[in-house]
Amino acid sequence: RKEVEQDPGPFNVPEGATVAFNCTYSNSASQSFFWYRQDCRKEPKLLMSVYSSGNEDGRFTAQLNRASQYISLLIRDSKLSDSATYLCVVNGNRGSTLGRLYFGRGTQLTVWP
Amino acid sequence: GAVVSQHPSRVICKSGTSVKIECRSLDFQATTMFWYRQFPKQSLMLMATSNEGSKATYEQGVEKDKFLINHASLTLSTLTVTSAHPEDSSFYICSARLSGLAGEETQYFGPGTRLLVL
């Protein structure tokens, strides 16, 4: 089983739509969770960390459910510039792999006008 | 956010040559840096963890004699792809770990190096 599994997508939505991405992780000992954004042929960039109580950053809301080992990202009022691949990322936090990040395969989002 | 640079951004080389990629943390010191590889439409795959002043830790299936890693200072790690072959063509990305005052850790990525081996 993969460490991090994501909705494969792709998601194609009109501007202004609300879209949600889901992710599950296998290591119950994981402590840190992130959403990264990766544009075509570019490096991943941190979008937001995900906290246990859920957190919001403008149009972006992240949720964490430790019991279900489930993470989500909600994007409201989608913009054309939101088109990218969204990576669910989990910190391994076990023994010698402390600090290692495990990446989901990514979910591709295209926002059309 | 913190800045990580990589050089070169793009390399085209002949099969059999060696290629060196540099990763620098520009505004912070990084005891630990990571090297990833990403093939088209695939997720990032960790190749190795680079620790300043000690040997790198390689992931299963990654040949340490082929992918040489040197982390000689707190701001520089290098990856050398020795005797590169066409199957080594990929997008190589480094990241540097930054520890915050509250103990939180964030990884910042370099812009990546696109390697094409002919």
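Analysis parameters
- Every chain's residues receive numbers from 1 upward, in the order its sequence appears when written.
- Each chain gets a letter, beginning with A, and each ligand a number, beginning with 1, in the order they are written.
- With the structure being a predicted model, the display of local features is reserved for residues of pLDDT at least 70 and the display and counting of side-chain atom pairs for 80 or more, all residues being used for whole-chain, interface and lining totals.
- For side-chain calculations, the full set of non-hydrogen atoms in the structure is used, while hydrogens and water are omitted.
- Among buried residues, those of type Ala, Val, Leu, Ile, Met, Phe, Trp, Tyr and Cys that are joined through side-chain atoms within 4.5 Å constitute a nonpolar core.
- Think of it in three bands: with a 1.4 Å probe and only protein chains considered, a residue is buried below 20% of the maximum accessible area for its type, exposed above 50%, and partly exposed in between.
- Secondary structure elements follow DSSP: runs of H or I no shorter than four residues count as helices, runs of E no shorter than two count as strands, and numbering proceeds from the N terminus.
- Contact definition: two residues touch when any of their heavy atoms are within 4.5 Å.
- We call Phe, Tyr and Trp rings a pair once their centres come within 6.5 Å, taking the six-membered ring for Trp, and we label the pair stacked below 30 degrees between planes, edge-to-face above 60, and tilted otherwise.
- By definition here, charges over rings are those cases where NZ of Lys or CZ of Arg is within 6 Å of the ring centre and within 35 degrees of the ring normal.
- Any two strands between which DSSP finds at least two bridges are classified as paired.
- Any carboxyl oxygen of Asp or Glu that lies within 4 Å of a side-chain nitrogen of Lys or Arg is treated as forming a salt bridge with it.
- As a rule, the C-alpha atoms of each element are fitted with a line to give its axis, helices using only the stretch in contact, and angles between N-to-C directions run from 0 to 180 degrees.

(A) Spatial organisation of the nonpolar core. With 25 residues, the main nonpolar core has B:Cys13, B:Trp35, B:Phe67, B:Leu79, B:Tyr92 and B:Leu115 as its most contacted residues. Contributing elements (two or more residues each) for this core: β2 (10-13), β3 (19-25), β4 (32-38), β5 (45-51), β7 (67-73), β8 (76-81), β9 (90-99) and β11 (113-117) of chain B. The residues contacting B:Phe67, other than those within four sequence positions of it, are B:Arg37, B:Met47, B:Tyr58, B:Val62, B:Leu79, B:Thr80, B:Val81, B:Asp88 and B:Tyr92. Among the nonpolar cores identified, the runner-up in size contains 24 residues, and A:Tyr25, A:Phe33, A:Met48 and A:Leu64 belong to it.

(B) Fine view of the packing of aromatic side chains. Residue and element names in this part refer to chain B. Evaluated as defined, the whole model comprises 11 aromatic pairs over all chains. Arranged with centres 6.5 Å apart and planes meeting at 40°, the rings of Phe-67 and Tyr-92 form a pair that is tilted. Placement of the pair is Phe-67 in strand β7 and Tyr-92 in strand β9, with a sequence separation of 25 residues. The pair formed by Phe-67 and Tyr-92 is uniform in burial state, with each residue classed as buried. Geometry around Phe-67 places Lys-66 over its ring, the cationic atom sitting 5.9 Å from the centre. Over the ring of Phe-91 we find Arg-114; its NZ or CZ atom is 4.1 Å from the centre of that ring.

(C) How the structure looks around the pairing of strand β3 (residues 19-25) of chain A. All names here are of chain A. In β3, alternate side chains face the same way, and those of Val-19, Phe-21, Cys-23 and Tyr-25 are buried while those of Ala-20, Asn-22 and Thr-24 on the opposite face are not. Note that strand β1 (residues 4-6) and β3 share 3 bridges and pair antiparallel. In the strand pairing of β3, Val-4 is matched with Tyr-25.

(D) Here's a closer look at the pattern of salt bridges. All names here are of chain B. Taken as a whole and judged by the stated rule, the model has 6 salt bridges over all chains. A salt bridge links Asp-88 to Lys-66, with the nearest nitrogen and oxygen atoms 2.9 Å apart. Taken as a pair, Asp-88 in the loop between β8 and β9 and Lys-66 in the loop between β6 (57-58) and β7 lie far apart in primary sequence, 22 residues in all.

(E) Main features of the sheet that holds β3(B). All names here are of chain B. Within the open sheet, the 4 strands sit side by side as β1-β3-β8-β7. Their pairing is antiparallel. Either end of the sheet is taken by a strand with one partner, and the two such strands are β1 (4-7) and β7. Across the sheet, the axes of successive neighbouring strands diverge by a mean angle of 15°, strand direction being ignored. Here β1 runs beside β3; their pairing, made up of 4 bridges, is antiparallel. Paired with His-7 across the two strands is Glu-22, which belongs to β3.

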